[in-house]
Amino acid sequence: MVEASEEVYSSLQRRFKGDLLRPGESGYEDARIIWNGMVARRPGLIARCADVVDVQNAVRAGSEIGILAAVRCGGHSLSGFSTCDGGIVIDLSRMRQVTVDPEACHAMIAGGCLLGSIDTATQKAGLVFPSGVVSHTGASGLILG
Ligand SMILES: Cc1cc2nc3c(=O)[nH]c(=O)nc-3n(C[C@H](O)[C@H](O)[C@H](O)COP(=O)(O)OP(=O)(O)OC[C@H]3O[C@@H](n4cnc5c(N)ncnc54)[C@H](O)[C@@H]3O)c2cc1C
């Protein structure tokens, strides 16, 4: 698994715009933590994507190399589905943009949005996103069930 995560790292290194964090590197220990502290896994690589192209590249590299992968939005999965041991975590925490169209009563949210950032943007337009009350829950994880 260590070789596989190094292979994914090498494949992404030159084209990735976000952060690539490996064990022992600065920021890795904080980035690997999810809400349920009892699930203390150690991914071989955390790919913190800057945009959709980064996500596409991470998914392609992971599937071509055949490594275990987990996607993370708010990290609230109690069972720890948004992390893994040895594999790659595709971390969407830098992708929190919300665009509201008040006329159409629509909001477009990026894949890493938390409920709090959506509430802040939609309430300014007099709209509401009916969801949970804990602001740091991920919208994607909640919507996908
Ligand atoms: C403190 C707390 C409060 C909560 N409050 C509420 C509440 O008020 N109402 C409610 O309905 N639920 C609530 N929940 C449950 C919560 O909605 C679910 O656990 C939800 O799945 C968390 O989503 P997340 O993005 O934070 O978690 P994550 O762990 O990041 O993701 C959960 C799952 O979705 C997948 N996933 C996440 N984002 C994506 C994406 N963009 N593309 C593909 N897969 C993705 C992950 O891989 C994982 O399998 C709460 C949970 C906690 C711990």
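Residues numbered from 1 in each chain as written. Predicted model: local features only at pLDDT ≥ 70, side-chain atom pairs only at ≥ 80, totals over all residues.

(A) Summary view of the domain arrangement of the protein chain. Per the domain assignment, the segments making up the protein chain are domain 1 (2-91) and domain 2 (98-144). Listed by partner, the interface residues are six residues for domain 1 and nine residues for domain 2. Residues of the side of domain 1 that touches domain 2, tallied by class, amount to two nonpolar, four polar and no charged. (Domains from an automatic or database assignment. Contact = placed C-beta atoms within 7 Å. Nonpolar A, V, L, I, M, F, W, Y, C, P; charged D, E, K, R; others polar.)

(B) Seen up close, the site of the ligand. Close to the ligand lie 22 residues; Gly74, Ser77, Gly132, Gly138 and Gly141 are nearest. For the shell around the ligand, the elements supplying multiple residues, two or more each, are β3 (69-72) and α5 (139-144). At four residues, α5 tops the list of elements feeding residues into the shell around the ligand. Classifying every residue of the shell around the ligand by side-chain character gives ten nonpolar, eleven polar and one charged. (Near = placed C-beta within 6 Å. Helix = DSSP H or I, 4+ residues; strand = E, 2+ residues; numbered from the N terminus.)

(C) Expanded view of the sheet that holds strand β1 (residues 19-21). Strand order in the open sheet formed by four strands is β1-β2-β4-β3, and the pairing between neighbours is mixed. Each edge of the sheet is formed by a strand with only one pairing partner; in this case those strands are β1 and β3. Averaged over all neighbouring strand pairs, the angle between strand axes comes to 15°, with direction disregarded. Here β3 pairs with strand β4 (residues 88-91) via four bridges, running parallel. Bridge assignment links Arg72 to a residue of β4, and that residue is Asp91. In the packing of helix α1 (residues 2-13) onto the sheet, contacts are made with β1, β2 (45-48) and β4, and the angle to β2 comes to roughly 30°. (Pairing = 2+ DSSP bridges. Axes fitted to C-alpha atoms, helices over the stretch in contact; angles between N-to-C directions.)

(D) Broad picture of the environment of Met108. Examined against the element boundaries, Met108 turns out to sit in strand β6 (residues 106-109). As for Met108 and Val133, which are separated by 25 residues in sequence, their C-alpha atoms are 20 Å apart.

(E) Molecular detail of the nonpolar core. Within the largest apolar cluster, 27 residues are counted, with the highest numbers of intra-cluster contacts made by Ala47, Cys49, Ala58, Ile88, Ile90 and Ala139. Residue assignment for this core shows that the elements contributing at least two residues are α1, β2, α3 (52-65), β3, β4 and α4 (115-124). Looking at this core, you find at least three residues from each of domain 1 (2-91) and domain 2 (98-144). Once you skip the residues sitting within four places of it in the chain, Ala47 turns out to touch Leu12, Phe16, Gly18, Leu20, Ala58, Ile88, Val89, Ile90 and Asp91. (Core = buried A, V, L, I, M, F, W, Y, C linked by C-beta atoms within 7 Å. Buried ≥ 20, exposed ≤ 12 C-beta atoms within 10 Å, placed from the backbone.)

(F) Here's a closer look at the pairing of β2. The alternating pattern of β2 places Leu45 and Ala47 and Ile46 and Arg48 on opposite faces, both of which are buried. Across three bridges, β1 lies against β2 in antiparallel orientation. Bridge pairing links Leu20 to Ala47 in β2.

(G) Broad picture of the pairing of β6. Where strand β5 (residues 98-101) meets β6, four bridges bridge the pair, whose relative direction is antiparallel. Bridge pairing in β6 places Thr99 opposite Met108. Taking the residues that link successive antiparallel strands as the turn, the β5-β6 hairpin has four residues, and the phi of Cys105 there is positive, at about 55°.

(H) Region of interest: the environment of Gln123. Within the secondary structure, Gln123 sits in helix α4. Sequence separation of Gln123 and Gly141 is 18 residues, and the distance between their C-alpha atoms is 21 Å.

(I) Structural context of α1. Taking 1.5 Å per residue as the helical rise, α1 with its twelve residues ought to reach 16 Å, and the 16 Å between its terminal C-alpha atoms agrees with that figure. Next to the buried residues of α1 lie β1, β2, α3 and β4. (Expected span 1.5 Å × (residues − 1).)

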